[in-house]
Amino acid sequence: MENARRRVLDGTDNYRKRVLHKLARELQLPKLTFQVIRRTIATLAQKKGTIKDVQGVMRHSHAATTTDV
């Protein structure tokens, strides 16, 4: 994908730099990545639903994958 200035955009890297790194600084977190966010969502979801619910959200094919992480 190209922007208005005809530079190629790397959506993941751009989002990480624009949003995640800025958010991590504001929250005074050492590192904020998609994997950290994914694990946080899984941890919070376990408190609100069943393992099968979390398995669906995380898109794991086996419940054991969800519980072993």
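Residues numbered from 1 in each chain as written. Predicted model: local features only at pLDDT ≥ 70, side-chain atom pairs only at ≥ 80, totals over all residues. Heavy atoms only, no water.

## So, the overall build of the protein chain
If you tally the helices and strands in the protein chain, you get four helices and zero strands. In sequence order, the protein chain lays out its α and β elements as α-α-α-α. For the protein chain, the proportion of its 69 residues judged to be buried stands at 13%. Considering only contacts within the protein chain whose residues lie at least 6 apart along the sequence, 0% involve residues at least 24 apart. Carbon and sulfur atoms make up 54% of the accessible area of the protein chain, which amounts to about 6000 Å² in all. (Helix = DSSP H or I, 4+ residues; strand = E, 2+ residues; numbered from the N terminus. Buried < 20%, exposed > 50% of the residue type's maximum accessible area, 1.4 Å probe, protein only. Contact = heavy atoms within 4.5 Å. Areas by Shrake-Rupley, 256 points an atom, 1.4 Å probe, with all protein chains shown as cover.)

## Concerning helix α3 (residues 51–58)
Residues of α3 that are buried: V54, Q55 and M58. The buried residues of α3 occupy an angular sector of 105 degrees when the element is viewed end-on, so they sit on one face. Residues K52 and V57 are exposed on α3 and point more than 90 degrees away from its buried face. Buried residues along α3 sit in contact with α2 (34–48) and α4 (63–68). Of the residues trailing α3, R59 is marked for its positive phi of about 65 degrees. (Arc of directions from axis to C-beta.)

## Structural notes on unusual backbone geometry
Residue Q28 is not a glycine yet carries a positive backbone phi of 55 degrees. By secondary structure assignment, the location of Q28 is in the loop between α1 (11–26) and α2. Its identity as a non-glycine residue notwithstanding, R59 has a phi of 65 degrees, on the positive side. In this structure, R59 sits in the loop between α3 and α4.

## Things to note about the packing of α2 against α3
Interhelical geometry of α2 versus α3 gives an angle of 155 degrees and a closest axis separation of 9 Å. With respect to each other, α2 and α3 are oriented roughly antiparallel. α2 and α3 meet at a crossing whose hand is right-handed. Of α3, the residues touching α2 (which contributes R38, I41, A42, A45 and Q46) are I51, V54, V57 and M58. Residues of the contact of α2 with α3, tallied by class, amount to seven nonpolar, one polar and one charged. (Axes fitted to C-alpha atoms, helices over the stretch in contact; angles between N-to-C directions. Parallel < 35°, antiparallel > 145°, perpendicular 65-115°, else oblique. Left-handed = near helix turned anticlockwise from the far one by under 90°. Nonpolar A, V, L, I, M, F, W, Y, C, P; charged D, E, K, R; others polar.)

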